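Each chain, letter by letter, is given below.
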Amino acid sequence: MPSHYDHAQVQEFWQYVWERDDVYELPDDATDPTYVLGMFPYTSGTLHMGHVRNYAITDAYARYRRMCGDDVLHPMGWDAFGLPAENAAYERASDPESWTKACIRRMREELETLGFGYDWSREITTCEPEYYRWNQWLFKRLYEAGLVEYEAATVNWCPDCETVLADAQVDERDDDRICWRCDTPVEQRELDQWFFTITEYAEELHDGLEDLEGWPEGVREIQRNWIGRQEGAKIGFELSTPVTGDDEGDEPNGAIDAVDVFSTRPETIYGATYLAVSPGHDLARALADRTDDVADYVETVRERGPDEVGFSGVETDVTAVHPLTGAELPVYVAGYVLEDVGTGAVMGVPGHNERDHGFALEHDLPIERVVVSGTEDDTAGDETLEDEPYTGEGILEGSGEYDGLESERARDRLVADHDAIQADVTYRLRDWLISRQRYWGTPIPVVHCEDCGHVLVPDEELPVELPEFVRTTGNPLEEHDSFRHTTCPECGGPARRETDTMDTFVDSSWYFLRFLSPDLAEAPFDAERADEWLPIDVYVGGDEHAILHLLYIRFMTRALADIGLIEKREPVERLVSQGTVLYDGEKMSTSKGNVVAPLEYGAETTRLFVLSAAHPEQDFEWTANNVRGAYDLQQNLYRMATEFVEAADTRVERRNHDEYIAREIDRTIVAVTEEYERFRFHRVATEIRELARLLRRYLAYDRPHDEVYRHGLLTLAALISPMAPHLGEELWNKLRGEGLVVEADWPEPRTEPSNYASERRLVERTLEDVRDIVDVADIDEPQRIELVVAPAWTYRVAAVLTEEADGDVNVPSVVDRVSVGDLETPSRETVATVVGTLLDRASKGGMDQPLTFDDERTLLERARWLVADEFGADVVVRCAEGSETTKARPGKPAIRID
Ligand SMILES: [Zn+2]
Ligand SMILES: [Zn+2]
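Small disclaimer: the values here were computed from a predicted structure and weren't measured.

(A) Examining the overall build of the protein chain more closely. Each helix and strand in the protein chain was counted, giving 27 helices and 33 strands. Burial statistics for the protein chain: of 898 residues in total, 54% are counted as buried. Approximately 39,000 Å² of the protein chain is accessible, and the part contributed by carbon and sulfur atoms is 43%.

Below you can see the structure in the form of structure tokens.
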């Protein structure tokens, strides 16, 4: 039998056994299983190291929970729609479906090779009609609930991908706005588009973050900023003359006679010197109908995009009335005012707002001061505002009856005093644009009819299936006459089928629900099961998903709840946001050519390494040296088990040092369990390494106790199996000869584990002290080492001090409590001295949860073999006598070396 562990030799066997025994399959009648999910992969070709890390984390945790006795739902599926498949197919003269399916086959094989324990009976693939019909069905339900809009909108357009991009798919780089996929500068276009009105949930999505205690604060903060809640006020400005556009229908409510602006600083209202509306604002549209220069300007901004036009703008022929002073203010159409932020209009306060200041300089508008820095008692003499605005809080001036008030108080007073100023909250979040002018996505289930407008495809005609792929640079669906031309479900007349497909983030916004009942034909998911099985207990994925995917699943869950399909409103209880695997300090990427293939080092070594290298949320560097460490750990454990089974020369009667080992096994179980709970797999690996090292030393020291040693090896097998499952089975099989570790019970400590950390530290510290003394006293070969335990009463002192650790310690009262009627107790002076030294040690952080006298003495008895082994001396543990009583302390035995 080889004592070398060869993962490749055994993986297929164990994978076969796991599958044969259905160990990962979750029965549908499971009661509230633990739902562990990794973000399903985009089917881009092959797995990369980020995937391996992601799925190694979920797999280790799922296996751990399963051994703890939970029913575990740990499914896998494929995020299979999207542009790259279409591009790849275009380049290879293939079609997206064949290309995607080939990717899935390859990636599934890789996942299986890595030994991840998925319930494959629940596999889902988003590009299959059985899946995407439910995207269409859900689109319809959202539509009926008023959460879908069809609107002309200025959208981000990537000329290279020939598609619309969501705001979050546009990257800002060096003042350029570029496509997240191909780095092409993004243009602006006006198109009729489908939106999910996620903004209706802005407040709830924002406030709900507060309660997501299982999410990393970083992710919550990114979402908070993305939603962009702003408090302020809505202020109404009447126009001097109402405006009516030529184009009827544009203003269904007739003439525009007022403009509402939103401001986060309503107290600066006396400093308003102009009004500006965005080019998309109703007023701008109405004015464009009758004024050429407004029309030209609106067109320019539309073509070039708001970021390209700086502080340009055009003055209109209308004026607005300041609601407090009655002054007439000029009204501009300005590109720097964004249509979908606030009300799409601002009051220009150049003295106290950066952007308004920039605009005012450009257009020679007055800059007025209405806030000075300082407090009500002490205002500073501020410099001129010509160079830069003053944007801080301060004291009002030039503001009529509000002069001399602090800005915050002025704000409240203004809102209370004037009907035209109303407290308001606005959000930066915009509606979710889901239209894509591409082929490889879910067809939007709508037909456009001349007579009936846009009509939803009836449920019984779903799914609207994708026709065959055709190669074109545009939208392939536009090229399919048989797809495009259809009949109207309402009037039976000729109609045009919608050729936009859905953003693939729609597919992934609810996929975690489909896993609950992947084959259900009547509904997207089993609602009763969703109420019981949700939320996802642990969700793991890359931190780049903080805003898109992780916001969309929160929105979708709420929308489904409001439609009445589920009860829960938050989909994920605990989120683990995994860090990046680096190579030479950079993220691994094919374009940089610094990729390590997942299987290059052997599947199990790779999994074990990515888990043991760092905390899941941290980045770490891939180095061959550290990979070696993961490899060696497996080999060591395997060799130990093999040698034990083949040639163990063991003992039956138990000795003191066996008890130490037995206890250390318990201590390791407790520590490892804690680390698994907290996803600190790297510390699990360290614990396992250390116990293995101790067991090897134990074996070398003396013939091992048969049961103790076997128990140690079995415990190691169980503890490592969530991270290295094939190795776990091999070890288990060797040592027990029956059963599967994957189905074994999680090891339980056999003794009360509460003080294990103090115990470990006592032993470590004692060893260090011995080393120090041997070193300082320059003792060559110590013959005899005595570990002298402090008298029993000193442990009572330590216990009393621990009880009183929170307050100020009153030394006489401690002495009283320790000294009560006990013959063994020495004089009050001696007790006071000990209290003093213990307090001194506590102040230096040297005190642990104290052990009792008996526990400490027993522990040292059991651990003394470590000292004997290290120094080759006789080691004796005894109680302090005479003058030694002032040297030995609880947690710190005195040491005598001869
Ligand atoms: Zn692009
Ligand atoms: Zn019709």
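Having put the structure on the table, let's press on.
(B) Spotlight on the sheet that holds strand β9 (residues 187-196). Taken in spatial order, the four strands of this open sheet run β6-β5-β9-β19, and their pairing is antiparallel. Looking at the sheet topology across the chains shown, the edges are occupied by β6 (163-165) and β19 (432-433). Summarising the sheet, strand β5 (residues 148-158) and β9 pair through ten bridges and their orientation is antiparallel. Paired with Asn156 across the bridge in β9 is Gln188. On top of the sheet, helix α5 (residues 129-144) reaches β5 and β9; it is set at about 85° to β9, its chief contact.

(C) Up close: helix α24 (residues 792-803). Counted at 1.5 Å a residue, the expected span for α24 with its twelve residues is 16 Å, and the 17 Å between its end C-alpha atoms agrees. Within α24 the residues assigned to the buried category are Trp793, Thr794, Tyr795, Val797, Ala798, Val800 and Leu801.

(D) Representation of the coordination of the zinc ion (ligand 2) within the structure. Around the zinc ion (ligand 2), the protein contributes the donor atoms Cys449 (SG), Cys452 (SG), Cys488 (SG) and Cys491 (SG), at 2.2 to 2.3 Å from the metal centre. Coordination at the zinc ion (ligand 2) is tetrahedral: its four donor atoms span angles of 106 to 112° at the metal. Going along the chain, you hit the donors of the zinc ion (ligand 2) in the pattern C-x2-C-x35-C-x2-C. On the basis of relative accessible area, Cys488 is assigned to the buried category, the value being 3%. Here Cys491 falls in the partly exposed class, since its relative accessible area comes to 42%.

(E) Geometry of helix α19 (residues 656-677). The end-to-end C-alpha separation of α19 is 32 Å, in line with the 32 Å expected for 22 residues at 1.5 Å each. For α19, the tally of buried residues reaches 17 of 22 residues, placing the bulk of the element in the interior. With its phi angle positive at about 60°, Phe679 sits one or two positions after the end of α19.

(F) Local environment of the packing of α19 against helix α21 (residues 706-720). One way to put it is that α19 packs onto α21 with a least axis distance of 10 Å and a crossing angle of 10°. Between α19 and α21, the angle falls in the class roughly parallel. Taking contact as the criterion, the partners of Asp658, Ile661, Ala662, Ile665, Thr668, Ile669, Val672 and Tyr676 in α19 are, on α21, Val708, His711, Gly712, Thr715 and Leu719. Counted by class, the contact of α19 with α21 contains eight nonpolar, four polar and one charged residues.

(G) Layout of the environment of Glu544. Along the polypeptide, Glu544 turns up in the loop between β26 (536-542) and α16 (548-563). With relative accessibility at 52%, the residue Glu544 sits in the exposed group. Residues Glu544 and Ser577 lie 33 residues apart in sequence; the distance between their C-alpha atoms is 8.8 Å.

(H) Fine view of the nonpolar core. By size, the foremost hydrophobic cluster in this structure holds 202 residues, and its most contacted members are Phe139, Phe196, Tyr511, Tyr539 and Ile785. Apart from residues no more than four positions distant in its own chain, Phe196 is found in contact with Phe139, Leu142, Leu147, Val148, Asp431, Trp432, Ile434, Val506, Phe555 and Met556.

(I) View of unusual backbone geometry. Cis geometry marks the peptide bond from Leu462 to Pro463; its omega dihedral reads 0°. Note that Pro463 resides in the loop between β22 (453-456) and α12 (481-484). In this model, Leu534 is joined to Pro535 through a cis peptide bond whose omega is -5°. Mapping Pro535 onto the fold places it in the loop between α15 (527-533) and β26. Phi is positive for Asp183, which is not a glycine, with a value near 65°. Within the secondary structure, Asp183 sits in the loop between β8 (176-179) and β9. Positioned with a positive phi, Asp364 is a non-glycine residue whose angle comes to about 60°.

(J) Seen up close, empty space enclosed by the protein. Enumeration according to the criterion identifies four cavities of 30 Å³ or more in this entry. Size it by volume and the largest cavity reaches roughly 190 Å³. Residue lining of the largest cavity: 19 residues in total, with Gly82, Leu83, Arg181, Arg436 and Asp503 positioned closest to the centre. If you list the elements that add at least two residues to the lining of the largest cavity, you get α3 (83-91), β6, β25 (501-502) and α13 (504-507). Considering every element that reaches the lining of the largest cavity, the biggest residue donor is β6, with three residues.

(K) Representation of the sheet that holds strand β27 (residues 572-578). Taken together, four strands build an open sheet; the order of strands is β2-β1-β26-β27 and the sheet is parallel. Of all the strands in the sheet, the pair left with one neighbour each is β2 (72-73) and β27. Looking at chain direction, strand β1 (residues 34-38) and β26 are connected through three bridges and run parallel. Note on β26: the bridge partner recorded for Val36 is Val538.

(L) How the structure looks around the side chain of His74. Within the secondary structure layout, His74 lies in the loop between β2 and β3 (77-78). A polar atom in the side chain of His74 sits 3.0 Å from the backbone oxygen of Gly117. Not counting residues within four places of it along the chain, the set of residues in contact with His74 comprises Val36, Thr58, Asp59, Ala62, Arg66, Gly117, Tyr118 and Asp119.

(M) Inspection of the side chain of Glu856 at higher detail. Considering the arrangement of structural elements, one finds Glu856 in helix α27 (residues 853-871). For the buried Glu856, which has no salt bridge, the nearest side chain bearing the opposite charge is Arg765, at an N-O separation of 7.3 Å. Not counting the four nearest positions on each side in its chain, Glu856 is found in contact with Leu762, Tyr795, Leu851, Arg889, Pro890, Gly891 and Lys892.

(N) Quick peek at the pattern of salt bridges. Counted under the stated rule, the structure contains 58 salt bridges. Measuring nitrogen to oxygen at the nearest pair gives 3.3 Å for the salt bridge that ties Asp632 to Arg628. Of this pair, Asp632 and Arg628 both sit in helix α18 (residues 624-647), four residues apart, roughly one helical turn. Classification of Arg628 as partly exposed rests on a relative accessible area of 48%. Glu861 is the salt-bridge partner of Arg864, the closest N and O atoms lying 3.4 Å from each other. Residue Arg864 and its partner Glu861 are located together in helix α27, separated by three residues, close to a single helical turn. Overall, the relative accessible area of 30% leaves Arg864 in the partly exposed class. What emerges from the salt-bridge pattern is a single network uniting Glu204, Arg554, Arg558, Asp562, Arg569 and Glu570.

The rules behind each value
- Residues numbered from 1 in each chain as written.
- Chains lettered and ligands numbered in written order.
- Predicted model: local features only at pLDDT ≥ 70, side-chain atom pairs only at ≥ 80, totals over all residues.
- Heavy atoms only, no water.
- Helix = DSSP H or I, 4+ residues; strand = E, 2+ residues; numbered from the N terminus.
- Buried < 20%, exposed > 50% of the residue type's maximum accessible area, 1.4 Å probe, protein only.
- Areas by Shrake-Rupley, 256 points an atom, 1.4 Å probe, with all protein chains shown as cover.
- Pairing = 2+ DSSP bridges.
- Contact = heavy atoms within 4.5 Å.
- Axes fitted to C-alpha atoms, helices over the stretch in contact; angles between N-to-C directions.
- Expected span 1.5 Å × (residues − 1).
- Donors = N, O, S within 2.8 Å, 3.2 Å for Na, K, Ca; no water.
- Tetrahedral: all angles 85-135°; square planar, octahedral: opposite > 155°, others 65-115°.
- Parallel < 35°, antiparallel > 145°, perpendicular 65-115°, else oblique.
- Nonpolar A, V, L, I, M, F, W, Y, C, P; charged D, E, K, R; others polar.
- Core = buried A, V, L, I, M, F, W, Y, C linked by side-chain atoms within 4.5 Å.
- 1 Å grid on protein atoms, 1.4 Å probe; cavity = no way out; pocket = protein on both sides within 12 Å on 5 of 7 lines; lining within 4 Å.
- Points joined across faces, edges and corners; volume = space filled by probe spheres on them.
- Polar contact = N/O pair within 3.5 Å; in protein donor to acceptor, adjacent residues only side chain to side chain.
- Lys, Arg positive; Asp, Glu negative; His and termini not counted.
- Salt bridge = Lys/Arg side-chain N within 4 Å of Asp/Glu carboxyl O.

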